Amino acid sequence: MALFSCKFSFAETEKEFDGDCWSLNDTVSLEFENADTSAIFRLYFPITFTEDYSYSNVYLYALVTSPSGDINLLPARFDLIDNTGRWFSEPSGEEFYFNLSVEDGLSFNQFGSYSVKLFQYMRDESLCGIRSSGIVVSKISK
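*Asks:* What should I look at first to understand the sheet that holds strand S3 (residues 28-34) in this one?
*Replies:* Pairing between the strands of a sheet comes from backbone hydrogen bonds, and it takes one of two forms, parallel or antiparallel. Ordered in space as S3-S9-S5-S6, the four strands form an open sheet in which the pairing is antiparallel. Bordering the open sheet on either side are S3 and strand S6 (71-79), each of which pairs with just one other strand. On average, each strand axis in the sheet is inclined to that of its neighbour by 20°, with strand direction left out of account. With nine bridges connecting them, strand S5 (residues 57-65) and S6 associate as antiparallel partners.

Set out below in structure tokens:
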């Protein structure tokens, strides 16, 4: 798990979930145009949890679709709480904020429109205690 602050966001989106519950059918989606095939990017997911979240981790996967239609699946497991029940993030009121990094050093080697879709895949149909989630593509270097 990695925690990052976004200094140079290239593209980003955020979605709030009804009732602070992220269902299996909820998708966070981002589309962006790539005009620089030599740039290196970081892909991460800002997520706001509440104290009602009942697990110590979260399983996510992202589907990255290139302009040619090629699809890359990026599955990830993130630990959020240690074995004593303490969050790995400092609270802000009743919220815990994480920037979960899935992939560093990404290059988008095609010009054109890319799509990133983020899903949760935990055991529950509806994962309560998650207020919002997002997708951020951040340029690391050229």
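Structure shown, so let's carry the discussion forward.
*Asks:* I tried to follow the pattern of salt bridges on my own but got confused; where do I start?
*Replies:* Side-chain pairs of opposite charge can arise whenever the charged atoms involved come near each other. In total, this model carries five salt bridges according to the counting rule given. The partner of Arg77 in a salt bridge is Asp79, and the shortest N-O contact between them spans 3.1 Å. Under the relative-accessibility criterion, Asp79 is labelled partly exposed at 32%. If you follow the salt bridges from partner to partner, you end up with Asp20, Glu95 and Arg131 in one network.

Scoring rules and cut-offs
- Residues numbered from 1 in each chain as written.
- Predicted model: local features only at pLDDT ≥ 70, side-chain atom pairs only at ≥ 80, totals over all residues.
- Heavy atoms only, no water.
- Pairing = 2+ DSSP bridges.
- Helix = DSSP H or I, 4+ residues; strand = E, 2+ residues; numbered from the N terminus.
- Axes fitted to C-alpha atoms, helices over the stretch in contact; angles between N-to-C directions.
- Salt bridge = Lys/Arg side-chain N within 4 Å of Asp/Glu carboxyl O.
- Buried < 20%, exposed > 50% of the residue type's maximum accessible area, 1.4 Å probe, protein only.

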